[in-house]
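Chains, contacts and geometry: an overview
The primary structure of each chain is shown beneath.
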Amino acid sequence: MVEQSQARRGVREVFLAFLLLGLTSFGGPVAHLGYFRTEFVARRKWLTEQAYADLVALCQFLPGPASSQVGFALGLLRAGPWGAAMAWLAFTLPSAIILMLFAFGAAVLDGPIASGIIHGLKVVAVAIVAHAVWGMARNLCPDKTRAGIALAAVLAVVLVSGPLGQVSAIVLGGVAGLALCRESAIVAAASDSLHFPVSRRVGMLALGLFGGLLIMLPLLAGTAAWLDIADAFYRSGALVFGGGHVVLPLLEAEVVQSGWVTPDEFLAGYGAAQAVPGPLFTFAAYLGALLPGINGLVGALLALLAIFIPGFLLLVGVLPFWNQFRQWGSAQALMRGANAAVVGILGAALYQPVWTSAIIGAEEFALALTGFLLLAVWKLPAWVVVAVVALGGILIAP
């Protein structure tokens with residue numbers, strides 16, 4: 001009874017801590033990692049500085065939403081599987097609810113003010129994505145080799161449209177990294193290790209489930225609307241290296257090019273996602289609420305679960321083996337190439353659909369440039385920039 005009571009207190013502690021962060025953590029995945037460090041390393045002392053840095057490195061190595069994976073792992077470390085589930089739920093729920101309500105409201109909003117705000121949200125997406133491309137290019141493509149991989153990824157996406165082109169670009173980028181980026185790989189120190197309550201058997205089961213769903217869902221797609229949705233969002237979550245803004249081109253290929261969501265609806269929701277706290281992957285809740293052939297609430301929940309599950313399965317699957325795998329220098333070389341390809345994919349998305357759908361005149365260009373400078377030079381929080389540019393959209397709306 002005492003152990004059960006302590007376990008419940010641990011789960012409750014995790015839920016309340018992450019709920020506060022879910023309500024206040026603006027600024028995107030990098031900022032979220034800073035919030036986590038302040039709360040769980042400096043204040044609560046759940047783990048050491050070195051252990052936290054190692055955990056962040058692991059989650060950035062894997063596909064999926066890095067900040068949410070770190071939060072999931074912290075909950076797992078503190079209170080077991082229920083702690084992991086509560087950490088994700090508490091951190092994700094506030095922004096998911098806001099974006100779902102925005103999806104329902106956007107469908108009925110009318111009038112010049114409402115259309116101006118929607119117009120501004122489309123323009124702010126240009127500034128946000130341009131800033132993300134700029135920052136990622138400096139960090140992930142610091143040399144000619146990786147810049148060349150990024151350029152090749154742009155060409156791959158242009159020549160082969162849709163999810164196939166993006167997957168091909170990531171795979172080819174990883175292969176190029178193995179061949180060309182070995183000199184920049186640094187083997188991790190053996191003394192830096194993580195120990196989570198996950199057995200090797202559970203890890204293998206998680207990896208098997210991840211791969212099984214990735215193979216089976218496309219085969220089952222077309223038999224039911226909910227399977228189509230699960231397939232599209234699961235695949236997007238499974239192939240996102242870097243998280244955050246990188247999910248934009250994958251989701252656009254799945255829901256816009258398929259005709260489920262219009263480009264205007266997509267960009268308006270993406271702009272709104274910048275103004276809410278919590279993980280950017282909750283954009284999936286907005287898209288799910290708009291999908292045809294399914295109840296909006298059910299669609300939002302299904303899309304949200306499908307996009308997060310693959311990253312969590314991979315994390316659980318890798319945890320028991322990470323300390324050995326991280327000694328393999330080729331793994332880091334592969335990821336350097338894949339990450340460079342991700343920059344190219346996001347750069348292509350900056351042009352199509354983001355730029356071509358939002359920048360229709362000089363006024364939109366000036367407003368987008370203002371948003372970019374507010375982010376890159378004045379270092380204002382993303383939600384402030386969203387508010388400024390959305391108000392500007394009212395002034396320039398046609």
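First, a word on scope: everything that follows refers to the structure included in this document. (Residues numbered from 1 in each chain as written. Predicted model: local features only at pLDDT ≥ 70, side-chain atom pairs only at ≥ 80, totals over all residues. Heavy atoms only, no water.)

So, about the overall build of the chain. Tallying secondary structure elements over the chain gives 17 helices and zero strands in all. Taking all 398 residues of the chain together, the buried fraction comes to 53%. In the chain, the share of contacts with a sequence separation of at least 24, taken over all contacts with a separation of at least 6, comes to 76%. As presented, the chain carries roughly 17500 Å² of accessible surface, and 70% of it is formed by carbon and sulfur atoms. (Helix = DSSP H or I, 4+ residues; strand = E, 2+ residues; numbered from the N terminus. Buried < 20%, exposed > 50% of the residue type's maximum accessible area, 1.4 Å probe, protein only. Contact = heavy atoms within 4.5 Å. Areas by Shrake-Rupley, 256 points an atom, 1.4 Å probe, with all protein chains shown as cover.)

Before going further, it helps to spend a moment on the state of the cysteines. Evaluation of the coordinates by the stated rule reveals zero disulfides. You can see Cys141 has no disulfide; the closest cysteine sulfur is in Cys181, sitting 9.4 Å from it. (Disulfide = S-S within 2.5 Å.)

Right, let's talk about the packing of aromatic side chains for a bit. Applying the stated criterion across every chain yields a total of 16 aromatic pairs. On the numbers, 4.8 Å between centres and 25 degrees between planes, the contact of Phe18 with Phe40 is stacked. With Phe18 in helix H1 (residues 2–24) and Phe40 in helix H2 (residues 29–43), this pair connects stretches of sequence that are 22 residues apart. Of the residues examined, Phe40 reaches a relative accessible area of 0% and is grouped as buried. Between Trp88 and Phe308, the aromatic rings sit 5.5 Å apart at their centres with planes inclined by 70 degrees, giving edge-to-face as the arrangement. Placement of the pair is Trp88 in helix H4 (residues 66–106) and Phe308 in helix H13 (residues 296–318), with a sequence separation of 220 residues. (Phe/Tyr/Trp six-rings, centres within 6.5 Å; stacked < 30°, edge-to-face > 60°.)

Looking at where Pro63 falls in the secondary structure, it is placed in the loop between helix H3 (49–61) and H4. A residue is classified by how much of its surface remains accessible, and Pro63, at 10% relative accessible area, is buried.

Moving on, we come to the nonpolar core. Most often, soluble globular proteins keep nonpolar side chains buried together rather than apart. Among the nonpolar cores identified, the biggest contains 130 residues, and Phe18, Phe36, Phe233 and Phe266 are the most heavily contacted of them. Looking at this core element by element, the count peaks at 15 residues for H4. (Core = buried A, V, L, I, M, F, W, Y, C linked by side-chain atoms within 4.5 Å.)

Together, Tyr351, Trp355, Phe365, Leu369, Leu373, Val377, Trp378 and Leu380 make up a nonpolar patch on the protein surface, roughly 790 Å² of accessible area in all. Of all the secondary-structure elements, those providing two or more residues to the nonpolar patch are helix H15 (329–358) and helix H16 (362–376). If one sorts the elements of the nonpolar patch by residue count, H16 sits on top with three residues. As for its placement among the helices and strands, Leu373 is situated in helix H16. (Patch = residues over 30% accessible without salt bridge, like charges linked within 9 Å, V, L, I, M, F, W, Y side chains within 5 Å. Salt bridge = Lys/Arg side-chain N within 4 Å of Asp/Glu carboxyl O.)

Counting across every chain of the model gives eight salt bridges. With a shortest N-O distance of 3.3 Å, Glu13 and Arg78 are connected by a salt bridge. Here the residue Glu13 occupies a position in helix H1, and Arg78 occupies one in helix H4, the gap between them amounting to 65 residues. Note on Glu13: relative accessible area 26%, which makes it partly exposed. Judged by its relative accessible area of 40%, Arg78 falls in the partly exposed class.

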